[in-house]
Amino acid sequence: MGDILMPMIHLQARMNLLFASGPAPLDVDFKLAAGSLTGLCGPSGSGKTTLLRILAGLTMPESGLIRVGDRIWLDTAQRMQLPTQQRKVGMVFQDAALFPNMTVRQNVEFAAENRRDSLVDELLSLVNLVNLADRKPATLSGGQRQRVALIRALARRPDVLLLDEPFSALDYETRQQLLNELVRLHRQFGTTTVLVSHHQDEIQRVADRILELNQGKVTDIGSPSVAGKITPVPIMGTIQEVQVEETTTQLRIRLTDNLVVLNVPSGAQEWQIGETIVVSLGTETLTRKAN
Ligand SMILES: Nc1ncnc2c1ncn2[C@@H]1O[C@H](COP(=O)(O)OP(=O)(O)OP(=O)(O)O)[C@@H](O)[C@H]1O
């Protein structure tokens, strides 16, 4: 995976915070490998959001140094601070915070600074939103809104992707689906990603490394997964459409609030419209539901 000798991110920061237990410093110094996906967990109020805000340039620490690749984003000793707009960073929060008067496409185009039409189309199709591109956010499901937020963050072609409990308001199945989509996009776009989540089991499933924050101090709790491995998540779906080709069969399957298209080998299995099947997201394999 990433190159440990040449970390993508080196973050040193110190600032006094007012914790529930009283004032204490947030004091961190860690490196993240290029292209890694780091899970950041810790109790409520331990400083997770503050850490992401410092990385994004939304909160200024009393002292700190942020190096991303060969660029310095922050060096308080030199009184140097790159503004958020100049940091190649994408952010997604629990509440998608989309522009309500813009369509899905306009929201993504705005982030892409209206420059790269092909990128916007590619992003919309990567998360299955092409058919909803002209809808306003209020008419979308929670999962669809977070997908828009995710591709909107990627439209800026960020080096660093920061996600602050992006899927916690969603139901279990949608959350698992979006986590898998996130991992795929993270790899495809080669971002160095930090994912804050209260769901440690989910972080374990997708992260290369987990950091735990406690009262403003970071503990490295190791590498949970074999690099690159995603544990498949079984999700029930219904077959909506079957298209048999010579060697493969294309199945359109409804899973909770979205459709997935899977290609399976033609032949031995005959799939029926309306049939309930189990899709193992992560490996994209199918099994018939046991009765
Ligand atoms: N600018 C600030 N100055 C002083 N204290 C702050 C500042 N910003 C946040 N805090 C305090 O720092 C602590 C950590 O807050 P933060 O939002 O980073 O925690 P968190 O781990 O993200 O919590 P949660 O999981 O509940 O979202 C809280 O006690 C908060 O009140």
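Relevant structure appears above.
Within any chain, residue numbers begin from 1 and follow the written order of that chain's sequence. In view of the model being predicted, local features appear only for residues whose pLDDT reaches at least 70, and side-chain atom pairs are presented and counted only at 80 or more, with totals across whole chains, interfaces and linings using the full set of residues. Excluding hydrogens and water, the side-chain values take into account all heavy atoms of the structure.

*Asks:* Lay out the overall build of the chain with the relevant residues and their values.
*Replies:* To qualify as a helix, a DSSP run of H or I must reach at least 4 residues; to qualify as a strand, a run of E must reach at least 2; elements of each kind are numbered from the N terminus. Within the chain, the secondary structure is distributed over 6 helices and 16 strands. A fraction of 62% describes how many contacts in the chain between residues 6 or more apart in sequence connect residues 24 or more apart. Shrake-Rupley sampling with a 1.4 Å probe provides the accessible areas, and residues are treated as covered by the protein chains on show and by no other component. In the form shown here, the chain has an accessible surface area of approximately 14200 Å², with 49% of it arising from carbon and sulfur atoms. Residue contacts are defined here by distance: any two heavy atoms, one from each residue, within 4.5 Å place the two residues in contact.

*Asks:* So, the packing of helix α4 (residues 142-154) against helix α5 (residues 172-189): which residues are in play, and what are the values?
*Replies:* As a packed pair, α4 and α5 sit with axes 11 Å apart at the nearest point and diverge in direction by 15°. Taken together, the axes of α4 and α5 are roughly parallel relative to one another. The handedness of the crossing between α4 and α5 comes out as right-handed. Residues G143, Q146, R147, L150 and L154 of α4 touch α5, and the partners they reach there are T174, Q177, L178, E181, L182, L185 and F189. Simply put, an axis is a line fit to the C-alpha atoms, just over the touching stretch for a helix, and the angle between two N-to-C directions goes from 0 to 180 degrees. Should an angle lie under 35 degrees it is considered roughly parallel, over 145 roughly antiparallel, and from 65 to 115 roughly perpendicular; all remaining angles are considered oblique. Left-handed describes a crossing whose near helix is turned anticlockwise from the far helix by less than a right angle; the clockwise case is right-handed.

*Asks:* Quick one: what's the story with the site of the ligand, residue by residue and with numbers?
*Replies:* If even one non-hydrogen atom of a residue comes within 4 Å of a molecule or strand, that residue is called near it. Close to the ligand lie 14 residues; L18, S44, G45, T49 and T50 are nearest. Under the rule applied, a polar contact is a pair of N or O atoms within 3.5 Å (in protein, one hydrogen donor and one hydrogen acceptor; residues adjacent in sequence only if both atoms are side-chain atoms). With respect to the ligand, the side chain of T49 contributes an N or O atom lying 2.8 Å from an oxygen atom. For the ligand, whose unbound accessible area comes to 640 Å², protein coverage reaches 62%. For the shell around the ligand, the secondary structure elements donating two or more residues are β1 (9-19) and α1 (48-56). In this classification, the charged set is Asp, Glu, Lys and Arg, the nonpolar set is Ala, Val, Leu, Ile, Met, Phe, Trp, Tyr, Cys and Pro, and all remaining amino acids, among them Gly, are polar. Class assignment for the residues of the shell around the ligand results in 4 nonpolar, 8 polar and 2 charged.

*Asks:* Quick rundown of the sheet that holds β1? Include the residues and the values.
*Replies:* Paired strands, as defined in this entry, are two strands with at least two bridges between them according to DSSP. One open sheet holds the 5 strands; their spatial order is β2-β1-β4-β5-β6, and the pairing between them is antiparallel. Single-partner strands in this sheet number two, and they are β2 (22-32) and β6 (80-81). Alignment of strand β5 (residues 71-75) against β6, held across 2 bridges, turns out to be antiparallel. Along β6, the bridge assignment pairs L74 with Q81. In this fold α1 packs onto β1, β2, β4 (63-68) and β5, with an angle of close to 130° to the strand it touches most, β1.

*Asks:* Account for α1, with residues named and values stated.
*Replies:* Burial classes follow relative accessibility: with a 1.4 Å probe on protein chains only, a residue under 20% of its type's maximum area counts as buried, one over 50% as exposed, and anything between as partly exposed. Of all 9 residues in α1, 7 are buried, a share of seventy percent or more. Among the residues of α1, K48, T50, L51, L52, I54, L55 and A56 are the ones counted as buried. Just past α1, the residue G57 takes up positive phi, approximately 85°.

*Asks:* Break down the pattern of salt bridges for me, citing the residues and quoting the values.
*Replies:* Salt bridges are defined as contacts in which a side-chain nitrogen from Lys or Arg sits within 4 Å of a carboxyl oxygen from Asp or Glu. All chains considered together, the criterion is met by 6 salt bridges. As a salt-bridge pair, D121 and R105 come within 2.9 Å of each other at their nearest N and O atoms. Highlighted residues: D121 in helix α3 (residues 117-126) and R105 in helix α2 (residues 104-111), separated in sequence by 16 residues. Given a relative accessible area of 37%, D121 falls into the partly exposed group. Among the ionic pairs, E241 bridges to R252, the shortest N-O distance being 3.8 Å. On the criterion of sequence distance, the pair formed by E241 in strand β12 (residues 233-244) and R252 in strand β13 (residues 248-255) is long-range, its members being 11 residues apart. Among the residues examined, E241 registers a relative accessible area of 39% and is labelled partly exposed. Among the charged side chains, a network of salt bridges with common partners joins R105, E109 and D121.

*Asks:* Report on the sheet that holds strand β10 (residues 209-214), specifying residues and quantitative values.
*Replies:* Overall, mixed pairing links the 6 strands, which are arranged β7-β8-β9-β3-β10-β11 in an open sheet. Looking at strand neighbours, the two that pair on one side only are β7 (89-93) and β11 (217-220), the edges of this open sheet. Ignoring strand direction, the axes of neighbouring strands in this sheet form an average angle of 20°. The sheet contact formed by strand β3 (residues 37-41) and β10 spans 4 bridges and is parallel. Following the sheet pairing, L40 is matched in β10 by L211. Taken strand by strand, α1 contacts β3, β7, β8 (160-164), β9 (192-196) and β10, and its axis lies near 155° from that of β8. Where α5 meets the sheet, it contacts β3, β8 and β9, and its direction lies at approximately 160° from that of β9.

*Asks:* So what about the pairing of β5? Which residues, and what values?
*Replies:* Pairing geometry for β4 and β5, over 4 bridges, is antiparallel. From the neighbouring strand, R67 faces β5, where its bridge partner is I72. Hairpin remark: β4 followed by β5, antiparallel, with 2 residues in the connecting loop; positive phi at G69, about 60°. Between β5 and β6, which pair antiparallel in sequence order, lie 4 residues; one of them, R79, sits at a positive phi of approximately 50°.

*Asks:* Tell me about the packing of α2 against α4, and please be specific about residues and values.
*Replies:* Following both chains from N to C, one finds α2 and α4 inclined at 25°, their axes separated by 8 Å at the closest point. On the basis of their axis angle, the class for α2 and α4 is roughly parallel. Both α2 and α4 take part in a crossing whose hand is right-handed. When α2 is examined against α4, the residues V104, N107, V108 and A111 are found in contact with a partner set consisting of V148, I151 and R152. Here the residues of the contact of α2 with α4 are counted per class, giving 5 nonpolar, 1 polar and 1 charged.

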